[in-house]
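Analysis of the macromolecular model
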Amino acid sequence: MTDTNAEIASKQLEILLSKSESERFRIGDELNMFGRKILESSIRAEIPGISEIDLKIEVFKKCYSNFFSQDEMNRIIFSMREYFRQKE
């Protein structure tokens, strides 16, 4: 679904493709980080006072739950908790 006029979308693509590979990569990375910040803000609004570890786990669950079985998710989350505990 898009609300962008086809002519405008075509111009946007033309501008993006005129950038170097490194510029396109940087733009993609910035968009990804922006989306992550929005997701983190949404989670913080839903769960006030959430710890940083639990925030990372919630982000992971929202982004990857469709790619892993529940058993795999549980194992990954367990590993994430262990990893972040060791870093404290």
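A few points on the structure. Since we're looking at a predicted model, the values are computed, not measured.

Attention now moves to helix α2 (residues 21-46). When the terminal C-alpha atoms of α2 are compared, their 37 Å separation across 26 residues agrees well with the 38 Å that a helix rising 1.5 Å per residue should span. Within the sequence span of α2, burial applies to L39, E40 and I43. On its buried side, α2 packs onto α3 (52-64).

In this section: the nonpolar core. In this structure, I53, I57, F60, M73, I77, M80 and F84 together form the largest nonpolar core, which totals seven residues. Here the element with the most residues in this core is helix α4 (residues 70-87); it accounts for four residues.

The next point concerns the pattern of salt bridges. Across all of its chains, the model carries nine salt bridges by this definition. Where E30 meets R26, a salt bridge forms, and the shortest distance between an N and an O atom there is 2.9 Å. Placement of both E30 and R26 in helix α2 is noted, with a separation of four residues, approximately one turn of the helix. Taking the relative accessible area as the measure of exposure, E30 reaches 45% and is therefore partly exposed. One salt bridge connects K37 with E40, and the closest N-O pair in it is separated by 3.8 Å. Remark: E40 and K37 occur in helix α2; sequence separation between them is three residues, near one turn of the helix.

Cut-offs used in this document
Residues numbered from 1 in each chain as written. Predicted model: local features only at pLDDT ≥ 70, side-chain atom pairs only at ≥ 80, totals over all residues. Heavy atoms only, no water. Helix = DSSP H or I, 4+ residues; strand = E, 2+ residues; numbered from the N terminus. Expected span 1.5 Å × (residues − 1). Buried < 20%, exposed > 50% of the residue type's maximum accessible area, 1.4 Å probe, protein only. Contact = heavy atoms within 4.5 Å. Core = buried A, V, L, I, M, F, W, Y, C linked by side-chain atoms within 4.5 Å. Salt bridge = Lys/Arg side-chain N within 4 Å of Asp/Glu carboxyl O.

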